[in-house]
Amino acid sequence: MNIKQKGKFGRFGGQFVPEVLMPAVKELEQGYKQFRDDPEFKQELDYYLKDFAGRPTPLYHARRLSEKYGITVYLKREDLVHGGAHKLNNTLGQALLAKYMGKCRLIAETGAGQHGTATAMAGANLGIPTEVYMGAKDIRRQRMNVYRMELMGTKVIPVTSGSQTLKDAINEALRDWVSNVEDTHYLIGSVVGPHPYPTIVRDFQSVIGNEVKHQIMEKEGRLPDSIIACTGGGSNAIGTFYPFIPDTEVKLFAVEAGGSGMESTDKAALHSASLCVGEEGVLHGARTRILQDPYGQILESHSIAAGLDYSGVGPELTYLAETGRIKPANTSDDEALAAFDELSRMEGIIPALESSHALAYLAKAAGSGELGEIVVINLSGRGDKDLETVLEKGVM
Amino acid sequence: MRISDKFDELKTKNEGALIAYVCAGDGDTTRIVHALINGGADIVELGLPFSDPIADGPTIQASIERALDAGMNPDRYFEMVKGLDVDVPLVVMTYYNLIFKRGLERFVKDCKDSGITGVIVPDLPPEESGELGRYCEGNGVDLIFLIAPTTTGDRLEDILERGTGFLYLVSRLGVTGARADIAGSTKEVLDRVKTDKPKAVGFGISSGAQAAEIIKSGAQGVIVGSAFVDIIASGQDVAGRLKALALEIKSSLG
Ligand SMILES: Cc1ncc(COP(=O)(O)O)c(C=O)c1O
């Protein structure tokens, strides 16, 4: 038998894709293996991360927040990465990989528009034509990111099927890839999808955790007691957590979107907390926890943060939750809005609504002692893109 | 009826097989299936609708959406199939999560009990199909694999070895949907896939002329979906026109 299963985290992950794509995911696996340790590739990526993206990002001691909650709070400032979110770490890595592999077209899906924007940046900078699929509903709520992508020469394609959000944008990007697999690289934006994507994206995002480890040792001389990151697909979370997985004394909290409630209706969940309450299934090429009805139809998800509004989660996070290494948690739309407001007022930093879910967990859990004395929160992005949403909610 | 029996029968008559796809629950499925069979369909592939059909183009996506809105679900699907009373092989086409959620063993048993003798799962490549394959084998149900223009080398050999029922050759890169031009890559794939097992070509076929060309190029069957689904979507004289299109295509396969 020549055919073997690939890319599992425990029983999660895998390659559940149409036959047309199997050679492409294998080619990607091969290409990644070939180039990830290639000195020239590494040097070039390092250059882009430093001079183009602005790495390393600071690990900032949030003094007033620390005082309020009575523990030492550090913020990993991914909001300062070029483009305003951690997303560029991955898109630079993948776009460069695509270039080394000889692909001449990039496609991507986007929810909040952050990944689309980061893909547009990488595409424009490396001179690779780029097209981004975006749900029509997301286009309406994240208009500024649409303009940003278009300014950088990316074509934004509205997706009107299904719930018109991230999951449908992924469906459409997969359909495009099936049709144009020979010259196109599908630049997926989180640690989801078929193997090798969850591994590739994790590796490119691990720059976050590697820096944190170095910086916290410098500042505190020891590892933090806990790390908190918001979790949609899970790329900023696993990128921050990954270097700490062997350090079992460090608690890792993956905070999902609790939305407007932890219930579901017939076709939709009021939240996006697949790690917390999802059931095992197969979505977008991977076996993982997903929001689904009793028949296995995928439920639409909800979050005030478009970047967390997804019915699945990366298979490795599911595996780590199953083994108990990470702790899934969730905070609601309202709690995230309060945290958004608090960080803006107390630290002069306007966080993305996605990242506000991680911040909200600080407010929720600090009192219980569960977080220990030193906590690092990954501030995955800045909130400029969310001002309209927040204004509508009447927070300001 | 087993798929291989149907292909044996067609071989003695020197006919190519017409395999018709429709999505269950979009329109009056029982009536639709009978119209297709009256028009000469040799095998009916009945879609079990899934919310996120990544291998399907706009025509079949819309059909799936109508079916879901009309309340189709796996329980109703198997109930409906049980009542069909037809003497051609029935094949279920669906996405893996619905099978996974129902439980692989239960799903295959439901197929067997309702008279389904083949399963096609477009998002289940052979790499992931071991467990489902074992249940299928144990229950006399064929697990049908797809072969794409990009399927080559060891993987192709492996699929040829595992495949039962028929081999589903995808005529071109892309999703389902009717296309005017499908000839070039189809001939190439047919020549490349050397096997004694029946080969059926799908994705894009919508007319008798295209179907005849494909049979001439060495296929034992054609799979037609979107062209039938278009008729169902129109809502106009559905049964009559389905039968007429099936007749047109089938008569070009002899
Ligand atoms: C700022 C920000 N944080 C987090 C996310 C969620 O993605 P992930 O869970 O992959 O980090 C997004 C997605 O768009 C984002 O824009």
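Along every chain, residues carry numbers that run from 1 in the direction the sequence is written. Just so you know, chain letters begin at A and ligand numbers begin at 1, following the order they were written in. For this predicted model, a pLDDT threshold of at least 70 governs which residues receive local features, and a threshold of 80 or more governs which side-chain atom pairs are given and counted, while totals over whole chains, interfaces and linings are taken from all residues. Side-chain metrics in this entry use all non-hydrogen atoms of the structure; hydrogen atoms and water are not considered.

S.K.: Mind showing me how you'd approach the overall build of chain B here?
M.R.: Broken down by element type, chain B carries 12 helices and 9 strands. Its C-alpha atoms give chain B a radius of gyration of 16 Å, near enough to 18 Å, the size a compact globule of 254 residues would have. Across its three principal axes, chain B shows a C-alpha extent of roughly 40 × 40 × 35 Å. Buried, partly exposed and exposed residues are distinguished by accessible area as a fraction of the type maximum, computed with a 1.4 Å probe on protein chains only: under 20%, between the cut-offs, and over 50%, respectively. Taken over 254 residues, chain B has a buried fraction of 62%. We count a stretch as a helix when DSSP gives it H or I for four or more residues in a row; a strand needs E for two or more, and each element gets its number in order from the N terminus. Put simply, the radius of gyration uses C-alpha atoms, and a globule should come to 2.2 Å times the residue count raised to 0.38.

S.K.: How do you make sense of the overall build of chain A when you look at a structure like this?
M.R.: If you tally the helices and strands in chain A, you get 15 helices and 14 strands. For 396 residues, the compact-globule formula gives about 21 Å, and the C-alpha radius of gyration of chain A, at 19 Å, lands near that figure. Judged by the C-alpha coordinates and their principal axes, chain A covers about 55 × 50 × 45 Å. Counting every position in chain A, which comprises 396 residues, the buried fraction comes to 66%. Sequence-distant contacts in chain A: of pairs separated by 6 or more residues, those separated by 24 or more amount to 73%. To measure how exposed things are, a 1.4 Å probe is used in the Shrake-Rupley method; for residues, cover is taken only from the protein chains shown. Roughly 13600 Å² of accessible area belongs to chain A as shown, and the carbon and sulfur atoms make up 50% of that amount. In this count, Lys and Arg are taken as positive residues and Asp and Glu as negative ones, while His and the chain termini are left out. Note that the charge is assigned to NZ on lysines, CZ on arginines, CG on aspartates and CD on glutamates. Of the charged side chains in chain A, 42 are positive and 51 negative; the average position of the first set lies 2 Å away from that of the second. Any two residues whose heavy atoms approach within 4.5 Å are treated as being in contact.

S.K.: What exactly am I supposed to notice about the environment of A:Thr199 here?
M.R.: Residue and element names in this part refer to chain A. In this structure, threonine 199 sits in helix H9 (residues 197-220). Looking at threonine 199, the relative accessible area reads 17%, which means it is buried. Along the sequence, threonine 199 and valine 181 sit 18 residues apart, while their C-alpha atoms lie 20 Å from each other.

S.K.: I keep staring at the interface of chain B and chain A and nothing clicks. Help me out?
M.R.: Many structure descriptions define interface size as the accessible area lost when the parts assemble. Contacts between chain B and chain A engage 40 residues on the former and 42 residues on the latter. Summed over the three residues of chain B that lose the most area to chain A, namely B:Ile54, B:Lys101 and B:Glu128, the buried surface amounts to 19% of that side. When a carboxyl oxygen of Asp or Glu lies within 4 Å of a side-chain nitrogen of Lys or Arg, that pair is called a salt bridge. Scanning the region where chain B abuts chain A turns up 6 salt bridges. Residue A:Lys267 pairs with B:Asp69 through a salt bridge whose shortest N-O separation is 3.7 Å. A simple way to read buried area is as the amount of 1.4 Å-probe accessible surface that goes missing from two parts once joined, with both sides added.

S.K.: So what exactly am I meant to see when it comes to the packing of helix H13 (residues 333-347) of chain A against helix H14 (residues 353-365) of chain A here?
M.R.: When two helices pack together, you describe them by how their axes are tilted relative to each other and by the distance separating the axes. Residues and elements named next belong to chain A. Packing of H13 against H14 brings their axes to within 7 Å, and their N-to-C directions diverge by 90 degrees. The angle between H13 and H14 places the two elements in the roughly perpendicular class. Contact residues: Glu335, Ala336, Leu337, Ala339, Phe340 and Leu343 in H13; Leu353, Ser356, His357, Leu359, Ala360 and Lys364 in H14. Residue composition of the contact of H13 with H14, grouped by class: 8 nonpolar, 2 polar and 2 charged. Throughout, an axis means a line fitted to C-alpha atoms (over the contacting stretch in the case of helices), and angles, computed between N-to-C directions, take values from 0 to 180 degrees. For classification purposes, angles smaller than 35 degrees are called roughly parallel, those larger than 145 roughly antiparallel, those between 65 and 115 roughly perpendicular, and all remaining angles oblique. Note that Gly is not counted as nonpolar here; it falls among the polar residues with everything else outside the nonpolar set of Ala, Val, Leu, Ile, Met, Phe, Trp, Tyr, Cys and Pro and the charged set of Asp, Glu, Lys and Arg.

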